[in-house]
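# Geometric and topological summary
The residues making up each chain are set out below.
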Amino acid sequence: MDNMTAAFCGGTALWDKDLLLNNTFPEFTECFRFSILTSLPCGWLWLVTPVHVHYVMRHRLRMRVPSSLLNITKTIVCLLLAMLSVAEGVLAARNTQTARAPPALYVSFVVRSVTFTLAAVLTKVSRCALIASPCVLFIFWFLTLVTSIVPVYHSVMTERDELPDFVVLCAMFSLVVLQFFLSCWAEAVGSSTLDTTKGIVKECHGKKKVANPEVLASFPSKITFFWMNSLIYLGFKRALEPSDMWDLPPKYQSRNAIVKFQELFEKSCKIIFHERYIFSYMKTASDLEINQNEDKLQNGNKMDAKSMMMTKLPVHEGSLRTSPSEKKTVPVFICLVKSFYFELFCSNLIRLFGDCLQFAFPALLG
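Definitions and cut-offs
- Residues numbered from 1 in each chain as written.
- Predicted model: local features only at pLDDT ≥ 70, side-chain atom pairs only at ≥ 80, totals over all residues.
- Heavy atoms only, no water.
- Phe/Tyr/Trp six-rings, centres within 6.5 Å; stacked < 30°, edge-to-face > 60°.
- Buried < 20%, exposed > 50% of the residue type's maximum accessible area, 1.4 Å probe, protein only.
- Core = buried A, V, L, I, M, F, W, Y, C linked by side-chain atoms within 4.5 Å.
- Helix = DSSP H or I, 4+ residues; strand = E, 2+ residues; numbered from the N terminus.
- Contact = heavy atoms within 4.5 Å.
- Patch = residues over 30% accessible without salt bridge, like charges linked within 9 Å, V, L, I, M, F, W, Y side chains within 5 Å.
- Areas by Shrake-Rupley, 256 points an atom, 1.4 Å probe, with all protein chains shown as cover.
- Salt bridge = Lys/Arg side-chain N within 4 Å of Asp/Glu carboxyl O.
- pLDDT = per-residue confidence, 0-100.

### Regarding the packing of aromatic side chains
Using the criterion set out here, one finds eleven aromatic pairs in the structure. Residues F180 and F181 carry aromatic rings whose centres are separated by 5.7 Å and whose planes lie at 70° to one another, so their mutual orientation is edge-to-face. By relative accessible area, F180 is classed as buried at 12%. Through a chain of ring-to-ring contacts, the aromatic side chains of F138, F142, F180, F181 and F219 assemble into a single cluster.

### Brief notes about the nonpolar core
Within soluble globular proteins, side chains that are nonpolar tend to cluster in buried spots. Grouped together as the largest cluster of nonpolar side chains are 24 residues, with contacts concentrated most on L45, L81, F116, A119, L137, F140 and W141. Mapped by element, the contributors of at least two residues to this core are α3 (30-59), α4 (69-94), α5 (103-128), α6 (135-158) and α7 (163-183). It is α6 that provides the largest number of residues to this core, a total of six residues. In this structure, W141 is in contact with C78, L81, F116, A119, Q179, F180 and S183, ignoring residues within four places of it in sequence. Core analysis: the next-biggest nonpolar cluster, separate from the first, contains seven residues, C9, C31, A92 and A104 among them.

### Thoughts on a nonpolar patch on the surface
Residues I149, Y153, V156, M157 and F166 make up a contiguous nonpolar surface patch of roughly 420 Å² in combined accessible area. If you tally residues by element for the nonpolar patch, the top one is α6, at four residues. For Y153, a relative accessible area of 36% gives the class partly exposed.

### What about the confidence of the model for the protein?
Per-residue pLDDT for the protein has a mean of 76; in total, 72% of the residues score no lower than 70. Under a pLDDT of 50 for its full length, residues 191-206 has, in the predicted model, 19 contacts with residues more than four places off or in other chains. Ignoring residues within four places in sequence, the model shows residues 301-325, a span with pLDDT below 50, making 28 contacts including any to other chains.

Following this line, the structure appears as structure tokens:
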């Protein structure tokens, strides 16, 4: 394992405790800056991308959503960061002191450039689902900002970087700071669905309700509940009335949440009613042929009981699986699980994590 790490880092150490603690200033090794600090934000984004794309595909609109100025700016900044990452890698490989640059150097800048391109794609894709402020991208830019402080700090303290390298590094850090602040702002939904200037939601039946600020709130505003300040301040000034309450967000309204469940429920009903109809139809046909055979036997036809019993009745293949006394009900629970399995999985996973913490705290304190 040590040989693999040394080969990956170009013969240098990945971690040096003396360099960090017993130095004139805290300093990480070059391999640590290229590998670990780069893998933290990039690994987070690649890890949660499948979950985010799945959420977007479930909630995306069936119509074309126009891009906003904030969305276009975020995309351009992401692409600029990807190009600067390539330029930084080329300059670092050219100025390396060894005859051959370590593999960690090439891997670091390639991964960063590809990850910034992925962030640009996710920024455009999130717009299709009208996600005002994606939490995935906010956490990514926060981690990128924190990990970008270390290279800038190292470059300022050592003063070993040449002017082009330092300029590219400062430009990248400035763009990362800009992108982080841009991710703190929520994108506008659009005047076709929400009139933000008047603060009303346009309903189909003509009524107007107060829009819920959570729809347009950014991720920092949601985790701090800053979007509720207007209602809290209004309740501080006077008693709240029913007309002061906001409308539910679209994802919590029953007319939007029941669509998937209604499709699965109607499909299950059709299957069960079809089986009952087939059984009733084949039972009627079988009874009719038995009555005809009995009439022939009573009328003097030469047909004994054995031949009548040997007569093949047209029984459907699936009709024997349903008995007349059996009452099959629609599997409502299965329809609910199929409709909201993602939300149920996330809520139960968080609940499991909380229960584990309750058991872990006494063990850690004891």
